[in-house]
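This is what each chain is made of:
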Amino acid sequence: MGSVESQASAGSKPVSAGAEDPNAQSQEANRPMTDGFHLVIDALKLNGIDTIFGLPGIPITDFARKAQAEGIRVISFRHEQNAGNAAAIAGFMTQKPGICLTVSAPGFLNGLTALTNATTNCFPMILISGSSEREIVDLQQGDYEEMDQLAIAKPLCKAAFRVLHAGDIGVGIARAIRAAVSGRPGGVYLDLPAKLFAQSMDAEAGRNSLIQVVDPAPQQIPGAQAVKRAVDLLKGAKKPLIVLGKGAAYAQADAEIRALVDKTGIPYLPMSMAKGLLPDTHELCASAARSYVLPEADVVMLVGARLNWLLSHGKGKTWGGKESKAWGGQKFIQIDISPQEADSNVRIDAPVVGDIGSCVSALLDALDADASWAKAPAGWTAAIAERKSKNIAKMAETLAKHPAPMNFHSALNVVRDIVKANPEAILVNEGANTLDFTRSIVDMYKPRKRLDVGTWGIMGIGMGFSVAAAVVSGLPVIAIEGDSAFGFSGMEVETICRYNLPVCVVVFNNNGVYGGTDVNRGGGADVAPTVFVKGARYDKLMEAFGGVGVHATTPAELRKAMEEAMRSNKPTLINAVIDETAGTESGRITSLNPSAKKK
Ligand code: ADP
Ligand code: TPW
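Residues numbered from 1 in each chain as written. Chains lettered and ligands numbered in written order. Predicted model: local features only at pLDDT ≥ 70, side-chain atom pairs only at ≥ 80, totals over all residues. Heavy atoms only, no water.

Draft legend 1. Structural context of the packing of helix α12 (residues 224-236) against helix α16 (residues 356-368). Their axes nearest at 10 Å, the elements α12 and α16 cross at an angle of 60 degrees. Judged by the inter-axis angle, α12 sits oblique to α16. Crossing of α12 over α16 shows right-handed handedness. Residues Val227, Ala230 and Val231 of α12 lie in contact with α16, whose contacting residues are Ala362, Leu363, Ala366 and Leu367. (Axes fitted to C-alpha atoms, helices over the stretch in contact; angles between N-to-C directions. Helix = DSSP H or I, 4+ residues; strand = E, 2+ residues; numbered from the N terminus. Parallel < 35°, antiparallel > 145°, perpendicular 65-115°, else oblique. Left-handed = near helix turned anticlockwise from the far one by under 90°. Contact = heavy atoms within 4.5 Å.)

Dropping the structure here:
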């Protein structure tokens, strides 16, 4: 396609053969025109994108206004990282790429962490950023917010594109959508230089240049041999285990996964964001016997879960290996859409490559067709059930205690009841101890209801995820936040109030990062690096913007406040005072601190 700028100027100032004919000239001049602003908006709408998360400024302020005028919901944030996190989790929840819109250089960089985090977590999102004038940027002549954004984004996301001509906007958006959602989903960067928005072109030609993406995330059917290999392994297993990861939650193959567990009777372990895919209270859920099933299992089937640090790389003592990196003896089946994932940490004996819905269906069909198939051995499930009931009883004892001040357990006992009574609510969770304890104590009952720090253990997702979860689903959101974690995105309580979202934030306030008791080892006047202002009142922050703030020092106060928030659906922040001595450094992963590492 030729230059759209030349097409546009031919439209407004015809100088070609037609210019000698005055009628043709006026016909040309009266042709309806469109511009870059509208082509981007139309391309997004054509592809079913109805929401943009962003933060305005040059050169995208008018774009945001026009998008809103054209019926796209524009949710405006106080910091781009939160808008980016919102887009990423919207992508996870809907399988449509979440859109984040930022200004050039600093705004772009603020959004980039979220884009990279989305890629790491396999969430589909598109960061659309305005950028400065190419000619000036490339000669490094010092433009307003000058930065070679495309080059910077490229190594940090799944794909990156730049559109220079209005007539290429359709292709640019189509490529971004396909890259974000096909295969293993991820983050895509789309660079739209300021000049592009104002470029005009013939409206009909513009319309014709747009692409409605057909089948953006094609089904990927696994090979019959791969399925047979997996079934053969499962058939020979004495102690089979299924590990469900957030890929399984993303795939929305809920019925197939439920059928697989029910039909095979194989116990399953949900990774954090796969909790609720089947209810955590399901008799085959092995969460409460995790440290028993991992080393004991003989065949492990990973469904949308990677053998990364969160699963101790599939080896070592967690898996029954004799030393820290030794193989535990398990055979692995791995269902994943990425053909490159297998063997990344340990040998995968039966990789099954395809989308989870197709793979699990194929497995079910193969099992149906195999008369020699029997359910998972009863001795194995009974041993797990026994471990589980012991651990659950022990936990119930701890949860029933009422220490003053509250600790994580007594506060989470309340949260657990509130989530049980409101299984539709979406739970957002970040912090260290706050994260680990919430994950293990609060049962989830429905798919994709638990959103958290994911693969990186990144702090700062809290309010961005909460805003998006409420906007996308229209359902109530409960955000359980460590006080440090909350601080990364806390200003977005204004956003929550502005859009009047049903978000109940509970800040577990223990006066610092991990806790509030550390001391300055140098004896100076400064507090230790992990310690915050004592007795801070985070509830006042919500009140400042017209929301409900509650200061809760007992489980009864916390319960009352959460029940009221669920009833009223009003933006609420509960400052839950937690014993500053409770919890441990870095929570469950304290062993990853260098000084804790033994050679
Ligand atoms: P968790 O942290 O819950 O263990 P991971 O993020 O490590 O989960 O793993 C998710 C995996 O799911 C990735 O390897 C990704 O390729 C895979 N995945 C994502 N979507 C699909 C899908 N629709 N079908 C199959 N695999 C998928
Ligand atoms: C972007 C390092 C991991 S957990 C955490 C930090 C700063 C906060 C822990 O304190 P909090 O929780 O939230 O009060 P709790 O329950 O233990 O009291 N920067 C980023 N990501 C990470 N993970 C960190 C720093 C970290």
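Next, the rest of the story.
Draft legend 2. Representation of α16 within the structure. Spanning 13 residues, α16 covers 18 Å between terminal C-alpha atoms, matching the ideal 18 Å at 1.5 Å per step. Considered for burial, the residues of α16 that qualify are Ile356, Gly357, Ser358, Cys359, Val360, Leu363, Leu364 and Leu367. Residues of α16 that are buried sit in contact with α12, α13 (246-251), α14 (254-264), β11 (299-303), β12 (331-336) and β13 (350-353). With a side-chain oxygen positioned 3.3 Å from the backbone nitrogen of glycine 357, the residue opening α16 is aspartate 355. (Expected span 1.5 Å × (residues − 1). Buried < 20%, exposed > 50% of the residue type's maximum accessible area, 1.4 Å probe, protein only. Polar contact = N/O pair within 3.5 Å; in protein donor to acceptor, adjacent residues only side chain to side chain.)

Draft legend 3. Region of the structure containing the site of ligand 1. Taken together, 19 residues lie near ligand 1, and Arg184, Lys246, Arg306, Asp336 and Ile356 sit nearest. The separation between a nitrogen atom of ligand 1 and a polar main-chain atom of isoleucine 337 is 3.1 Å. Look at ligand 1: alone it shows 580 Å² of surface, and the protein chains cover 96% of it. Considering each element in turn, the shell around ligand 1 owes the most residues, four residues, to α13. Taken domain by domain, the makeup of the shell around ligand 1 includes at least three residues from each of domain 1 (26-209) and domain 2 (224-386). (Near = heavy atom within 4 Å. Areas by Shrake-Rupley, 256 points an atom, 1.4 Å probe, with all protein chains shown as cover. Domains from an automatic or database assignment.)

Draft legend 4. Main features of the nonpolar core. Grouped together as the largest cluster of nonpolar side chains are 131 residues, with contacts concentrated most on Phe53 and Leu451. Here phenylalanine 53 is in contact with Ile75, Phe77, Ala83, Ala86, Ala87, Ala90, Ile99, Cys100, Leu101, Ala468 and Val471, once residues within four sequence places are set aside. In terms of nonpolar packing, the next biggest core, distinct from the first, is built from 29 residues, Leu399, Ile441, Ile478 and Met566 among them. (Core = buried A, V, L, I, M, F, W, Y, C linked by side-chain atoms within 4.5 Å.)

Draft legend 5. Inspection of the packing of helix α17 (residues 378-400) against helix α18 (residues 408-421) at higher detail. Interaxial distance between α17 and α18 falls to 7 Å at its minimum, and their mutual angle equals 105 degrees. The pairing of α17 with α18 is recorded here as roughly perpendicular in orientation. On the side of α17, the interface is formed by Met395, Thr398 and Leu399, while α18 contributes His409, Asn413 and Arg416. In the contact of α17 with α18, the residues fall into two nonpolar, three polar and one charged. (Nonpolar A, V, L, I, M, F, W, Y, C, P; charged D, E, K, R; others polar.)

Draft legend 6. Inspection of the site of ligand 2 at higher detail. Among the 17 residues in the neighbourhood of ligand 2, the closest are listed as Asn433, Thr434, Gly457, Asp483 and Ala485. Alanine 432 places a main-chain nitrogen or oxygen 3.3 Å from an oxygen atom of ligand 2. Between ligand 2 and the protein, one listed contact pairs an oxygen atom with a side-chain N or O atom of asparagine 433 at 2.9 Å. In the complex, the protein chains occlude 76% of the 580 Å² of accessible area that ligand 2 would expose alone. Among the secondary structure elements, those contributing two or more residues to the shell around ligand 2 are α19 (433-441) and α21 (483-487). Across the shell around ligand 2, the residue classes break down as eight nonpolar, eight polar and one charged.

Draft legend 7. Main features of unusual backbone geometry. Cis rather than trans, the peptide bond between isoleucine 58 and proline 59 has omega equal to 5 degrees. Structurally, the position occupied by proline 59 is in the loop between β2 (51-54) and α4 (61-69). Following alanine 404, the chain continues into proline 405 via a peptide bond in cis, with omega recorded as -5 degrees. Within the secondary structure layout, proline 405 lies in the loop between α17 and α18. Located in the positive-phi region is asparagine 511, a residue other than glycine, with phi close to 70 degrees. Counting through the fold element by element, asparagine 511 comes out in the loop between β17 (503-509) and α23 (539-543). For asparagine 511, a relative accessible area of 11% translates into the label buried.

Draft legend 8. Main features of the sheet that holds strand β9 (residues 240-244). Pairing within the open sheet is parallel, and its five strands lie in the order β10-β9-β11-β12-β13. Of all the strands in the sheet, just β10 (268-270) and β13 have a single pairing partner and so form its edges. Direction aside, the axes of adjacent strands within the sheet are offset by 15 degrees on average. In terms of strand pairing, β11 meets β12 through five bridges, oriented parallel. Following the sheet pairing, leucine 302 is matched in β12 by glutamine 334. (Pairing = 2+ DSSP bridges.)

Draft legend 9. Structural view of the packing of aromatic side chains. For the structure on display, the rule yields eleven aromatic pairs. Measuring from centroid to centroid gives 6.0 Å for tyrosine 292 and tryptophan 380, while their planes differ by 35 degrees, and the two rings are tilted. Separated by 88 residues along the polypeptide, tyrosine 292 in helix α15 (residues 290-296) and tryptophan 380 in helix α17 bring together distant segments of the chain. As far as burial versus exposure is concerned, tyrosine 292 and tryptophan 380 are alike and both buried. Put simply, the rings of Phe37, Phe63 and Phe197 pair up and form one aromatic cluster. The ring of tryptophan 327 carries the charged tip of arginine 347 above its face, separated from the ring centre by 5.5 Å. Above the ring of tyrosine 292, the side-chain terminus of arginine 387 is found at 4.1 Å from the ring centroid. (Phe/Tyr/Trp six-rings, centres within 6.5 Å; stacked < 30°, edge-to-face > 60°. Lys NZ or Arg CZ within 6 Å of the ring centre and 35° of its normal.)

Draft legend 10. Fine view of the confidence of the model for the chain. Summarising the model, the chain shows a mean pLDDT of 94, and 95% of its residues fall at 70 or more. Overall, residues 1-19 carries pLDDT values under 50, and its contacts beyond four positions in sequence, including any with other chains, amount to 29 contacts. (pLDDT = per-residue confidence, 0-100.)

Draft legend 11. Molecular detail of a nonpolar patch on the surface. A surface patch of nonpolar side chains, amounting to about 200 Å² of accessible area, comprises Leu109, Ile152 and Leu156. Exposure remark for leucine 109: the relative accessible area of 36% places this residue in the partly exposed category. (Patch = residues over 30% accessible without salt bridge, like charges linked within 9 Å, V, L, I, M, F, W, Y side chains within 5 Å. Salt bridge = Lys/Arg side-chain N within 4 Å of Asp/Glu carboxyl O.)

Draft legend 12. Seen up close, the pairing of strand β19 (residues 572-577). Taken across its six residues, β19 has five buried, putting it largely inside the fold. Alignment of β17 against β19, held across six bridges, turns out to be parallel. Bridge assignment links valine 507 to a residue of β19, and that residue is asparagine 575. Where strand β18 (residues 548-552) and β19 come together, five bridges link them in parallel fashion. Across the sheet, residue alanine 552 finds its bridge partner in β19, namely alanine 576.

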